[in-house]
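# Fold and geometry: a report
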Amino acid sequence: MGTICILLGLIIFLGSIFLGFAGASSFLNSSLAITFGITASGTETYVIVVSICAFIGLLICLNLVMHGLTYNKLSKLNRRK
């Protein structure tokens, strides 16, 4: 169970980075980007959107990794008794 939590955290972190790239790409192709005057080659937009998604994914990843490590440690201690 703990290993599954750790792997799920890493998968969510990588998925959030890819979601950031997809979200930035769809935002630049939308009419909202034209309204704000953002060009299609907005590197700053990619960096901002991907970094926000990566930060949120990192928080979720760290939460799941810490839960997994705690579960593994408590299971190991419980088996000793």
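Up top you'll find the structure we're talking about.
Residues numbered from 1 in each chain as written. Predicted model: local features only at pLDDT ≥ 70, side-chain atom pairs only at ≥ 80, totals over all residues. Heavy atoms only, no water.

### So, the overall build of the chain
Operational definition: Note on conventions: DSSP H or I runs of at least 4 residues are helices, E runs of at least 2 residues are strands, and numbering of each starts at the N terminus. The reference for a compact globule is 2.2 Å times residues^0.38; the radius of gyration itself is calculated from the C-alpha atoms. Only protein chains enter the accessibility calculation, which uses a 1.4 Å probe; a residue is then buried when its area is under 20% of its type maximum, exposed when over 50%, and partly exposed in between. Only heavy atoms matter for contacts: two residues are in contact if any of them lie within 4.5 Å across the pair. The method behind every accessible area is Shrake-Rupley, applied with a 1.4 Å probe, and residues are considered shielded solely by the protein chains displayed.
Across its full length, the chain holds three helices and zero strands. The linear arrangement of helices and strands in the chain, starting from the amino end, is α-α-α. Against the 2.2 N^0.38 benchmark of 12 Å for 81 residues, the chain shows a C-alpha radius of gyration of 19 Å, more extended than a compact globule. Looking at the chain as a whole, 21% of its 81 residues qualify as buried. Across the chain, the fraction of contacts at a sequence separation of at least 24, relative to all contacts at a separation of at least 6, is 72%. Accessible area for the chain stands at about 5,900 Å²; split by element, carbon and sulfur atoms hold 74% of it.

### As for a positive patch on the surface
The test is simple: For patch building, the residue pool is restricted to those with more than 30% relative accessible area and no salt bridge; the joining distance is 9 Å between like charges and 5 Å between nonpolar side chains (Val, Leu, Ile, Met, Phe, Trp, Tyr). Salt bridges are defined as contacts in which a side-chain nitrogen from Lys or Arg sits within 4 Å of a carboxyl oxygen from Asp or Glu. His residues and chain termini do not enter the charge count, which takes Lys and Arg as positive and Asp and Glu as negative. In plain terms, the charge of a residue is placed at NZ if it is Lys, CZ if Arg, CG if Asp and CD if Glu.
A contiguous patch of positive charge on the surface is contributed by Lys-73, Lys-76, Arg-79 and Arg-80. The residue Lys-73 is located in helix H3 (residues 43–80) in this model.

### What about the packing of aromatic side chains?
Operational definition: Working definition: a ring pair exists when centres of Phe, Tyr or Trp rings (six-membered ring for Trp) sit within 6.5 Å. Plane angles under 30 degrees give stacked, over 60 give edge-to-face, the rest tilted.
Tallying each qualifying case throughout the model produces one aromatic pair. Considering the side-chain rings of Phe-21 and Tyr-46, the 6.5 Å spacing of their centres and the 40 degrees angle between planes classify their relative orientation as tilted. Here Phe-21 is found in helix H1 (residues 2–28), whereas its partner Tyr-46 is found in helix H3, with 25 residues between them in sequence. According to the relative accessible area criterion, Tyr-46 is partly exposed, its value standing at 28%.

### Side note on the environment of Phe-21
According to the relative accessible area criterion, Phe-21 is partly exposed, its value standing at 43%. Residues Phe-21 and Thr-45 lie 24 residues apart in sequence; the distance between their C-alpha atoms is 10.0 Å. Sequence-distant contacts of Phe-21, that is, excluding residues within four places in its chain, are made with Tyr-46 and Val-50.

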